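Structural overview
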Amino acid sequence: MSNSVQLAGAVLILGAFVLAQAGRMPFGSAGHLWLNFVGSALLVIDAVAGSQWGFLLLEGAWGLYALLGLVNWARGRPMTEQEAA
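So, here is what we can say about the structure in this document. (Residues numbered from 1 in each chain as written. Predicted model: local features only at pLDDT ≥ 70, side-chain atom pairs only at ≥ 80, totals over all residues. Heavy atoms only, no water.)

Glancing now at the packing of aromatic side chains. Applying the stated criterion to the full structure yields two aromatic pairs. Ring geometry for W34 and F37: centres 6.1 Å apart, planes at 80°, overall edge-to-face. Here W34 pairs with F37, and both are found in helix α2 (residues 30-49), just three residues apart, close to one helical turn. On the accessibility criterion, F37 (24% relative accessible area) is partly exposed. (Phe/Tyr/Trp six-rings, centres within 6.5 Å; stacked < 30°, edge-to-face > 60°. Helix = DSSP H or I, 4+ residues; strand = E, 2+ residues; numbered from the N terminus. Buried < 20%, exposed > 50% of the residue type's maximum accessible area, 1.4 Å probe, protein only.)

Next comes the structure, spelled out in structure tokens:
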């Protein structure tokens, strides 16, 4: 996979982190979870293409955690600050 896919995924995840740390986007908000999910999905695709199994495990877990948060959000139960930490 191309370096641009890796960079896009990393920028999305790091961007969500920076925005949350700066107080511009709450941890566990829908926007935060979407950035993490899409970023990790891009990195999962890259990890599979490169047979990087440890990286796949890390990003797969990260994406699954974000996806579960999005499902809870859609069900009307957004993640609390304590759960996000």
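Next comes the rest of the write-up.
On to the packing of helix α1 (residues 3-21) against α2. The N-to-C vectors of α1 and α2 enclose an angle of 155°; their axes lie 8 Å apart at closest approach. The angle between the axes of α1 and α2 places the two elements in the roughly antiparallel class. Once α1 is placed against α2, the crossing between them reads as left-handed. Between α1 and α2, the residues in contact are V5, Q6, A8, G9, A10, L12, I13, A16, F17, L19 and A20 and H32, L35, N36, V38, G39, S40, L42, L43 and D46, respectively. Residues that form the contact of α1 with α2 fall into these classes: 13 nonpolar, six polar and one charged. (Axes fitted to C-alpha atoms, helices over the stretch in contact; angles between N-to-C directions. Parallel < 35°, antiparallel > 145°, perpendicular 65-115°, else oblique. Left-handed = near helix turned anticlockwise from the far one by under 90°. Contact = heavy atoms within 4.5 Å. Nonpolar A, V, L, I, M, F, W, Y, C, P; charged D, E, K, R; others polar.)

To continue, consider unusual backbone geometry. The backbone of S51 sits at a positive phi, close to 50°, despite the residue not being glycine. Checked against the element boundaries, S51 lands in the loop between α2 and α3 (53-74). Since its relative accessible area comes to 44%, S51 is described here as partly exposed.

Before going further, it helps to examine the environment of A30. For A30, the location among the structural elements is in helix α2. Classification of A30 as buried rests on a relative accessible area of 19%. Apart from the residues lying within four places of it in its own chain, the contact partners of A30 are L70 and W73.

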